[in-house]
Amino acid sequence: MNSIRVRLGVLGLALLTGFTTPTAASAAQAAPSPTVEEQRLGRAAPQEILRRSGFDTAAPRLARALQGARSYGEARRAVTREGTRLWQRAVDRAQGRGPDGGDLSRDDDRPLYWARLGMTRDVRTWEPEFGLTDEQRAALLDELERTSRGQDAIRYPHGKGLKRILLTGFDPFTLDRDIRISNPSGATALALDGTVIETADGPARVETAVFPVRWQDFTEGTVERALRPYLPKVDLFTTVSQGRVGRFDIERTNGAWRGGFGDNDNIGRTGTVPLSDPASQPQWTTTTLPYAAITAAQTGRFPVYDNTSVTEIPAGGTESVVRPDGPTPGSTARAGGGGDYLSNEIAYRATLLRDRLGLHGTLPGGHVHTPVLQFAAGNTTEVTDPEFVRNRLDIIAQVRAILKVAAETS
């Protein structure tokens, strides 16, 4: 996803960390206001999505639990319980388990997104009588983000004969353009989490998680914290996001550059992708997914492309140049194949982590861009329609087929 694509409306694109128990608050600190992202929750479309899925009960349930908490420890346990419950509920709904909760199709990723925002808003604005430090509130929010995104629910069975696949998706974004937006990568994560794909080489277990569309979370290392424990243990990984209209792309090259487009909090960031150890930071990383096999296979109704294009400043140059066949030696990144937004960044961070773990030659991994999820022509107000649902289901099925090909040829 790059900023140009976003402006054209064709972009579509977990905090796993241990927490120490903060010291008890000596005095109550004023609760912060809801974020820009959380403030959208009061609009009509999010409320309809929550009501028509039954997920309008999630935030009130957490609010009641917080009201009953008499200590930080009790509050922490409530947040962990309800965040975990929300993720599992979303996965179960997507995979046909339990009640529908309403007439919204089960494949929809938006109930999880909007319900989570209701919960984070409640934690952010909660003012308990026993007092809460800024550090304690931040820890509660981190715990809620991590558990409700599936970050701590990644489980692979022990034993041989089973391949292990890790897939990540994203929240909806560009919501000020269209508040109804769904992200097929997030829907795919819910649909495939914990499922098994039968391949020619045997079964492959898929585990998934979802990431926020916020620059600051990436700056704080959410990708590395979430993925580092699992990359040495899996046989294949792919980050997934929404890309261009009508096509899939296997992104060959990822760039170390942020293009500045606003995130879900309407904050933009421009500059080199920030890392904790920038001294060894490369300008480019590459996919190790079997892109030739994937693009040659019949995986679904959307064409799949091996995207080799990047934008660079050539060595010794000052102006950006588009290179259709990848970067030239010594160049400086200005956009990977996946652009200069957070989908490029998650691909860059995940593949760089792969390389720093010494897994470049042994672990297939990279980024897949899905088609833009479109409503039916003429639908500018309804939160769903049959074509919208069919498009999302077809994208999910095709990602699954791509994983099967990748698993069989890796």
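Everything numeric here is computed off the predicted structure, so don't read it as measured data.

Considering only enclosed or pocket space, the largest pocket measures out at about 540 Å³ in volume. The wall of the largest pocket is formed by 23 residues, among which Thr35, Arg124, Leu141, Arg214 and Asp217 lie closest to the centre. Of all the secondary structure elements, the ones that give two or more residues to the lining of the largest pocket are helix 2 (36-39), helix 6 (110-125), helix 7 (134-148) and helix 9 (215-219). By residue number, the principal contributor to the lining of the largest pocket is helix 7, which donates six residues. Residue classes in the lining of the largest pocket are distributed as seven nonpolar, three polar and 13 charged.

On to the confidence of the model for the chain. On average, the chain scores 93 in pLDDT, and the residues at 70 or more come to 93%. A low-confidence stretch, residues 1-27 (pLDDT under 50), is modelled with 102 contacts involving residues beyond four sequence positions or located in other chains.

This brings us to the sheet that holds strand 12 (residues 321-323). One open sheet accounts for three strands, arranged 12-11-13; its pairing is antiparallel. Each end of this open sheet is capped by a strand with a single partner; those strands are strand 12 and strand 13 (332-335). Direction aside, the axes of adjacent strands within the sheet are offset by 45° on average. Pairing of strand 11 (residues 310-313) with strand 12 involves three bridges; the strand directions are antiparallel. Looking across to strand 12, one finds that Val310 is bridged to Arg323.

It is worth spelling out the nonpolar core at this point. Core analysis: the largest hydrophobic core is formed by 64 residues, its most contacted members being Trp114, Val123, Leu140, Leu167, Phe248, Ile294 and Leu403. Setting aside its immediate chain neighbours within four residues, Leu140 contacts Tyr72, Ala75, Arg76, Val79, Val123, Trp126 and Leu132. One finds Ala226, Val234, Leu342 and Leu353 within the second-largest nonpolar core, a separate group that totals 24 residues.

Turning our eyes to something else, we now look at the pattern of salt bridges. What the rule picks out here adds up to 35 salt bridges. Notably, a salt bridge pairs Arg85 with Glu82, separated by 3.3 Å at the nearest N-O pair. Of this pair, Arg85 and Glu82 both sit in helix 5 (residues 72-94), three residues apart, which is roughly one turn of that helix. For Arg85, a relative accessible area of 38% puts it in the partly exposed group. The exposure class assigned to Glu82 is buried, which follows from its relative accessible area of 4%. A salt bridge links Glu145 to Arg149; the nearest nitrogen and oxygen atoms lie 2.6 Å apart. Across this residue pair, the class does not change: Glu145 and Arg149 are buried.

Moving on, we get to the sheet that holds strand 1 (residues 163-170). Ordered in space as 2-3-1-4-14-5-10, the seven strands form an open sheet in which the pairing is mixed. Two strands bound the open sheet, and with one partner strand each, they are strand 2 (196-199) and strand 10 (304-307). Across the sheet, the mean angle separating the axes of adjacent strands is 25° when strand polarity is ignored. Here four bridges tie strand 2 to strand 3 (residues 202-211), and the two strands are oriented antiparallel to one another. When the bridges of strand 3 are listed, Glu198 appears paired with Pro203. The strands that helix 13 (residues 386-409) touches are strand 1, strand 2, strand 3, strand 4 (236-242), strand 5 (248-251), strand 10 and strand 14 (365-370); relative to strand 2, the one it contacts most, it runs at about 50°.

Let us look at the side chain of Glu251. By the secondary structure assignment, Glu251 is in strand 5. Polar contacts involving the side chain of Glu251 include one to the main-chain amide nitrogen of Gly338, which spans 3.4 Å.

So, about the packing of helix 6 against helix 7. Relative placement of two packed helices is described by the angle separating their axes and the distance separating the axes. One way to put it is that helix 6 packs onto helix 7 with a least axis distance of 9 Å and a crossing angle of 165°. With respect to each other, helix 6 and helix 7 are oriented roughly antiparallel. Our pair here, helix 6 against helix 7, has a crossing hand that is right-handed. Where helix 6 approaches helix 7, its residues Leu112, Arg116, Met119, Thr120, Val123, Arg124 and Thr125 are matched on the opposing element by Arg137, Leu140, Leu141, Leu144, Glu145 and Ser148.

This part covers empty space enclosed by the protein. Unfilled space is identified by rolling a water-sized probe across the atoms. The computed volume of the largest cavity comes to approximately 50 Å³. What lines the largest cavity is Asp109, Leu112, Tyr113, Phe170, Asp171, Pro172, Gly186, Leu190 and Val210. Residues belonging to the lining of the largest cavity are distributed by class as follows: six nonpolar, one polar and two charged. In this structure, the second largest cavity encloses a volume near 40 Å³. What lines the second largest cavity is simply Phe55, Ala90, Arg93, Ala94, Arg106, Asp108, Asp109, Pro111, Leu112 and Leu190. Every element with two or more residues in the lining of the second largest cavity is listed here: helix 5 and helix 6. Counting residues per element, the lining of the second largest cavity draws most heavily on helix 5, at three residues.

So, on to unusual backbone geometry. In this structure, Thr174 is a non-glycine residue whose phi angle is positive, near 50°. Note that Thr174 resides in the loop between strand 1 and helix 8 (184-192). Classification of Thr174 by relative accessible area gives buried; the value is 14%. Even without a glycine there, the phi angle at Asn266 is positive, about 60°. As for its placement among the helices and strands, Asn266 is situated in the loop between strand 7 (257-259) and strand 8 (270-272).

Cut-offs and rules
Residues numbered from 1 in each chain as written. Predicted model: local features only at pLDDT ≥ 70, side-chain atom pairs only at ≥ 80, totals over all residues. Heavy atoms only, no water. 1 Å grid on protein atoms, 1.4 Å probe; cavity = no way out; pocket = protein on both sides within 12 Å on 5 of 7 lines; lining within 4 Å. Points joined across faces, edges and corners; volume = space filled by probe spheres on them. Helix = DSSP H or I, 4+ residues; strand = E, 2+ residues; numbered from the N terminus. Nonpolar A, V, L, I, M, F, W, Y, C, P; charged D, E, K, R; others polar. pLDDT = per-residue confidence, 0-100. Contact = heavy atoms within 4.5 Å. Pairing = 2+ DSSP bridges. Axes fitted to C-alpha atoms, helices over the stretch in contact; angles between N-to-C directions. Core = buried A, V, L, I, M, F, W, Y, C linked by side-chain atoms within 4.5 Å. Buried < 20%, exposed > 50% of the residue type's maximum accessible area, 1.4 Å probe, protein only. Salt bridge = Lys/Arg side-chain N within 4 Å of Asp/Glu carboxyl O. Polar contact = N/O pair within 3.5 Å; in protein donor to acceptor, adjacent residues only side chain to side chain. Parallel < 35°, antiparallel > 145°, perpendicular 65-115°, else oblique. Left-handed = near helix turned anticlockwise from the far one by under 90°.

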